[in-house]
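An overview of the molecular structure
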Amino acid sequence: MAKPPGEPLICEKLWTNARLATFSTKVAASYGAVEDGVIAASGSRILYAGARKDAPEFMARETIDCGGRWITPGLIDCHTHLVHGGDRAHEFELRLQGASYEEIARAGGGILSTVKATRAASEAELFASADRRLSALMAEGVTTVEIKSGYGLEQDTELKQLAVARRIGRERPLRVRTTFLGAHAVPPEFKGRSGAYTDLVAGPMLDAVAAQGLADAVDVFCEGIAFSPEETARVFAAAKAKGLAIKIHAEQLSNLEGARLAAEMGALSADHLEHLDEAGVIAMAKSGTVAVILPGAFYFLRETQKPPIELLRKHGVPIALATDANPGSSPLTSPLLVLNMACTLFRLTPEEALAGLTRHAAQALGLQDEIGTLEAGKACDLAIWDIERPAELAYRIGFNPLHTRIWNGQ
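Residues numbered from 1 in each chain as written. Predicted model: local features only at pLDDT ≥ 70, side-chain atom pairs only at ≥ 80, totals over all residues. Heavy atoms only, no water.

Overview of the state of the cysteines
- A full pass over the atoms with the stated rule returns zero disulfides.
- The thiol of Cys 11 is not disulfide-bonded; the next cysteine sulfur, from Cys 380, is found 10 Å away.
- Of the residues examined, Cys 11 reaches a relative accessible area of 0% and is grouped as buried.
- Its relative accessible area of 0% is what places Cys 380 among the buried residues. (Disulfide = S-S within 2.5 Å. Buried < 20%, exposed > 50% of the residue type's maximum accessible area, 1.4 Å probe, protein only.)

Okay, here's the thing in structure tokens:
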């Protein structure tokens, strides 16, 4: 960092006496750890993040002594369904009595029951309920969240959901990425005509979403109870033609090779992946598609088929984590609990898990040049923790050690 000899660099804020889990690939230590670290920021950007002994001399308008606390990148929840009406506590009871997720869905429950409630809700009601769920995420250090639509399954409600998500990004102090998930389920009015509904999603609905600039990406639920690989490919082709990124719900209940299809079409991420095979893993590795693992849904649905973590490691596929916050299969708004679940259920290491909510989650949203690590030039999104070692974030259950949350330097 060039500066005139003898003259300190001006910064707005300087965090000192900190230990940094930078997650930078340029730092060889576990967690990208830096002892006795400092972070300097000007406006919304990091000027320096590293060891105090290597830092330039700074003149700061405000200096914050962190008292030896750990600083990580702000957490990133890269897969949520925060905007929706109603809840599905009754279906939770049915599952406890033996009904499967698929049986409930085929009987008109599941996603379709939330569709009914979401269609009936006003934009103000959707914002208010989503904001409460969002507050829980932010209280545990989340500074970026992805929010999907998918509970409208008709144009006006899908646009309403996405408009609420965009409003959250304007009115709340965090970064919001929005994803159009019109192909989440086949609505009742198109029962038995999934192809016709796919035409609607890939045509007029996507046209309206793109024209209003409401989505950053397009997602499809590729599954036996939802959309076939062929239908998925049609939606993806239409999305790419409009310059939108693509993502996929795949291999959650069966293996339709949706992850391989998505990877071959350049998807940012493939999510769930319990039934992913090695061919799909290889395709994801080749394309750089991130595996987003959702332990909340695995736990809540009492699944037994685990994602192929060893295959993902073997082939070098980045593993991200997310809450999958939704009313039916993962009513979870605790990223810290996700860390613990990923370690206990799927045997990720605490370092892998925390990378999954920072560096790899950023990559799953196409934001790896903007957020996810503590490095000069990136957004100053920080989580400051009262912990002695980063593994504590995955170790404790029901305990929130967040000291301070910083978004865009504030």
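Continuing now.
Describing the packing of aromatic side chains
- Counting across every chain of the model gives six aromatic pairs.
- Put simply, the rings of Phe 190, Tyr 197 and Phe 227 pair up and form one aromatic cluster.
- A cation sits over an aromatic face here: Arg 167 above Phe 127, 3.8 Å from the ring centre.
- One cation-aromatic arrangement involves Arg 396 over Phe 399; the distance from NZ or CZ to the ring centre is 5.1 Å. (Phe/Tyr/Trp six-rings, centres within 6.5 Å; stacked < 30°, edge-to-face > 60°. Lys NZ or Arg CZ within 6 Å of the ring centre and 35° of its normal.)

Some thoughts on helix α6 (residues 194-211)
- For α6, which comprises 18 residues, the first-to-last C-alpha distance of 24 Å matches the rise-based estimate of 26 Å (1.5 Å per residue) to within 8%.
- At Met 205, α6 is bent by approximately 40°, the largest bend along its length.
- In the core, the buried residues of α6 are packed alongside α5 (155-171), β8 (175-183), β9 (217-222) and α7 (229-241).
- With its phi angle positive at about 60°, Gly 213 sits one or two positions after the end of α6. (Helix = DSSP H or I, 4+ residues; strand = E, 2+ residues; numbered from the N terminus. Expected span 1.5 Å × (residues − 1). Bend = angle between axes of the 7 residues up to and from the residue. Contact = heavy atoms within 4.5 Å.)

Topic: the domain arrangement of the chain
- Partitioning the chain into structural domains gives domain 1 (10-73 + 373-406) and domain 2 (75-364).
- Contact residues are listed per partner, giving 25 residues for domain 1 and 22 residues for domain 2.
- For the pair domain 1 and domain 2, the two sides together bury roughly 1800 Å², of which 61% comes from carbon and sulfur.
- Among the residues of domain 1 in contact with domain 2, Phe 23, Ala 394 and Arg 405 are the three that bury the most area, contributing 35% of the side total.
- On inspection of domain 1 and its partner domain 2, the count reaches one salt bridge.
- One salt bridge connects Asp 381 with Arg 175, and the closest N-O pair in it is separated by 2.5 Å.
- Applying the counting criterion to the domain 1 and domain 2 interface returns nine residue pairs in polar contact (both at pLDDT 80 or more).
- Those elements giving two or more residues to the side of domain 1 that touches domain 2 turn out to be β5 (70-73), β14 (382-385), α15 (392-395) and β15 (402-406).
- Classifying every residue of the side of domain 1 that touches domain 2 by side-chain character gives 17 nonpolar, five polar and three charged. (Domains from an automatic or database assignment. Buried area = accessible area lost by both parts, 1.4 Å probe. Salt bridge = Lys/Arg side-chain N within 4 Å of Asp/Glu carboxyl O. Polar contact = N/O pair within 3.5 Å; in protein donor to acceptor, adjacent residues only side chain to side chain. Nonpolar A, V, L, I, M, F, W, Y, C, P; charged D, E, K, R; others polar.)

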